[in-house]
Amino acid sequence: MSLGLDRIEALMAELGHPERTLRGALVAGTNGKGSVIAMVRAVLNASGVRVGTMPKPHLVSYRERIAIDGSPLEPQQFADAVAAVLPAVDDVAARLGPATEFEALTAAAIGELARQRIDLAVVEVGMGGRLDATNVLDLGVAVVTNVQHDHERYLGTTLAAIGGEKAAIVKRGDLAVTGASGRGLRPIVDRCDSLRVPLRRAGSRQPYRATLRSSGWDGIVVDAATPGRQLRDLQIGLLGGHQAANAGVALATIEALAEDAVRRGAPLAITDAAIRSGMGQARWPGRLELVESGRFGRVLLDGAHNPAGATALASALAELGVDRPALVFGAMRGKRVSAVLRALAPLRPRLIFTAVSDPHAHRPHDLLARWKRIGRGGEAVTEPADALRRAAELREAPGDPVIVAGSLYLVGALRGLLLGEQP
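Here is a short report on the structure shown in this document. A quick note: this is a predicted structure, and the numbers were derived from the prediction, not measured. (Residues numbered from 1 in each chain as written. Predicted model: local features only at pLDDT ≥ 70, side-chain atom pairs only at ≥ 80, totals over all residues. Heavy atoms only, no water.)

1. Describing the overall build of the protein chain
Link 1 in the chain: When you go through the protein chain residue by residue, the secondary structure sums to 14 helices and 17 strands.
Link 2 in the chain: For the protein chain, the C-alpha radius of gyration of 21 Å lies close to 22 Å, the compact-globule estimate for 423 residues.
Link 3 in the chain: A buried classification covers 59% of the 423 residues belonging to the protein chain.
Link 4 in the chain: Across the protein chain, contacts joining residues at least 24 apart in sequence account for 70% of those joining residues at least 6 apart.
Link 5 in the chain: Here the protein chain holds 51 positive side-chain charges and 44 negative ones, and the gap between their average locations is 5 Å. (Helix = DSSP H or I, 4+ residues; strand = E, 2+ residues; numbered from the N terminus. Rg over C-alpha atoms; globule rule 2.2 N^0.38 Å. Buried < 20%, exposed > 50% of the residue type's maximum accessible area, 1.4 Å probe, protein only. Contact = heavy atoms within 4.5 Å. Lys, Arg positive; Asp, Glu negative; His and termini not counted. Charge placed at Lys NZ, Arg CZ, Asp CG, Glu CD.)

Now the structure itself:
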């Protein structure tokens, strides 16, 4: 990892500035980025809009990093997109040092989305915002879903510092959206004020809001409101009551995109029917994703890798009536593992600790030792597939879901196994 914009800006110049041809939304935030993008993309697709996204990290295949209308590029398309930027990568390396893998992938994705002539790009920030490679983009709409503690080694130890890093994606002339509150909100407000950027706020008692009515295995139902719409009994295809907050941010983003389109002289028609259709069809792989497997039964995959994400997972499982679940857990170094485990402890989980094949992964027995200071029981199993098999054995009833959480790398490895997808 090597943060900074010098290399990505040089790459864009070498490639003829493909980033300048894209419009849409750049989405930062501690949690909820992927969910917000999934909802926004689904509504835009239901409105006949062709949307390019750059999901990160990928779960199974690198091809997931460049997607059109939710579908990853075909292998040859992806290979061609990467090959197209490699000469520029070499040229920039000679002057500024080698580009990171993330910078090269970002350049390849931007170049391919520009070549595909998509209508809108809805792009997830990798980490933070100010020095993230995606911040080379100025898409017209800047979104900060929320501000919580994560990546503190790079972003700072206070919510104000972390919020300041994320707020830096807002650029002069943008429209901004946020669901942040508390100390993380102030830097976003200050940034928007200093640049005279209109800010749409989402959340309880805010102009854009979604109030949870019910939560089940088919998703959630909310009553949603914007300054110009009332959407009662809005069905959302994502699991977990916390998605109500993300829905408010998504609705604000959709209306900001529509306003930006009018400013550019290309009006974007978003009907209530399209919102209902898109929200109902929204899916986000690896985030509270229920997978039916013949070998292992029902498996719920969720990349809850920070305390806020783990709290959302625990709340969602409680809403769904899941108690004492068999839970496969892995984590990467640099994460607040003990805080994540404390957030999961009220579920009284039957924990099976494991690790992906990566030198930055915590060893299963080290995770088990941490857990023993917090809760009871637990096992350490070296191989993720064996851990999943053991968790299936520990279920109280055959229909109970096995939970996989703690690391998107672990979620990706087991998702590939469950669905038969090749890395």
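Read on, since the account is not over.
2. Digging into the side chain of His58
Link 1 in the chain: Locating His58 in the fold gives a position in the loop between strand 2 (51–53) and strand 3 (67–68).
Link 2 in the chain: Of the polar contacts made by the side chain of His58, one reaches the side chain of Arg65; its length is 3.0 Å.
Link 3 in the chain: If near-sequence neighbours (up to four positions away) are discounted, His58 is found in contact with Glu64 and Arg65. (Polar contact = N/O pair within 3.5 Å; in protein donor to acceptor, adjacent residues only side chain to side chain.)

3. Brief notes about the sheet that holds strand 6 (residues 140–144)
Link 1 in the chain: In space, the eight strands of this open sheet follow the order 4-3-2-5-1-6-7-8, with mixed pairing throughout. Sheet topology places strand 4 (71–72) and strand 8 (199–201) at the edges, where each strand pairs with a single neighbour.
Link 2 in the chain: Of the strand pairs in this sheet, strand 6 and strand 7 (residues 175–178) are connected by four bridges, and their pairing is parallel. By the bridge assignment for strand 7, Val143 is matched with Val177.
Link 3 in the chain: Running at roughly 165° to strand 5 (residues 120–124), helix 2 (residues 33–46) makes contact with strand 1 (24–28), strand 2 and strand 5 of the sheet. (Pairing = 2+ DSSP bridges. Axes fitted to C-alpha atoms, helices over the stretch in contact; angles between N-to-C directions.)

4. Describing the sheet that holds strand 10 (residues 219–226)
Link 1 in the chain: In spatial order, the strands read 9-10-11; together these three strands make up an open sheet with antiparallel pairing. Only two strands of the sheet have a single neighbouring strand rather than two, namely strand 9 (209–216) and strand 11 (229–236). Shown here is a sheet whose adjacent strand axes are inclined to one another by a mean of 15°, direction ignored.

5. Brief notes about helix 10 (residues 307–319)
Link 1 in the chain: Along its 13 residues, helix 10 runs 18 Å from first to last C-alpha, staying within 8% of the 18 Å computed at 1.5 Å per residue.
Link 2 in the chain: If you check which residues of helix 10 are buried, you get Pro307, Gly309, Ala310, Ala312, Leu313, Ala314, Ala316 and Leu317.
Link 3 in the chain: Packed against the buried residues of helix 10 are strand 13 (297–302), helix 11 (337–344) and strand 17 (402–405).
Link 4 in the chain: Gly321 lies just past helix 10 and shows a positive phi near 75°. (Expected span 1.5 Å × (residues − 1).)

6. Describing unusual backbone geometry
Link 1 in the chain: In this chain, Lys56 is followed by Pro57 through a cis amide linkage whose omega measures -15°.
Link 2 in the chain: Following the sequence through the fold, Pro57 ends up in the loop between strand 2 and strand 3.
Link 3 in the chain: Positive phi, normally seen in glycine, also occurs at Arg117, with a value near 50°.
Link 4 in the chain: Examined against the element boundaries, Arg117 turns out to sit in the loop between helix 4 (101–115) and strand 5.
Link 5 in the chain: Notably, Arg196 is not glycine yet its phi reads approximately 55°, a positive angle.
Link 6 in the chain: Within the element layout of this structure, Arg196 appears in the loop between helix 7 (186–195) and strand 8.
Link 7 in the chain: Relative accessible area serves as the criterion here: at 77%, Arg196 is assigned to the exposed category.

7. Details of a nonpolar patch on the surface
Link 1 in the chain: Together, Met1, Leu3 and Tyr154 make up an exposed nonpolar region whose accessible area comes to about 320 Å².
Link 2 in the chain: Of note, Leu3 is situated in the segment before helix 1 (6–14). (Patch = residues over 30% accessible without salt bridge, like charges linked within 9 Å, V, L, I, M, F, W, Y side chains within 5 Å. Areas by Shrake-Rupley, 256 points an atom, 1.4 Å probe, with all protein chains shown as cover. Salt bridge = Lys/Arg side-chain N within 4 Å of Asp/Glu carboxyl O.)

8. Some thoughts on the layout of surface pockets
Link 1 in the chain: Of the voids in this model, the second largest pocket is the one considered here, and its volume is about 500 Å³.
Link 2 in the chain: Around the second largest pocket, the lining comprises 23 residues; the ones closest to its centre are Glu64, Gly70, Pro72, Pro285 and Arg415.
Link 3 in the chain: Here the element with the most residues in the lining of the second largest pocket is helix 2; it accounts for three residues. (1 Å grid on protein atoms, 1.4 Å probe; cavity = no way out; pocket = protein on both sides within 12 Å on 5 of 7 lines; lining within 4 Å. Points joined across faces, edges and corners; volume = space filled by probe spheres on them.)

9. Digging into the packing of helix 2 against helix 9 (residues 272–281)
Link 1 in the chain: Closest axis-to-axis distance for the helix 2/helix 9 pair is 7 Å, and the angle between their directions is 130°. Comparing the axis directions of helix 2 and helix 9 gives the class oblique. Crossing hand, helix 2 versus helix 9: right-handed. Touching Met39, Ala42, Val43 and Ala46 of helix 2 are Ala274, Ile275, Ser277, Gly278 and Met279, all from helix 9. (Parallel < 35°, antiparallel > 145°, perpendicular 65-115°, else oblique. Left-handed = near helix turned anticlockwise from the far one by under 90°.)

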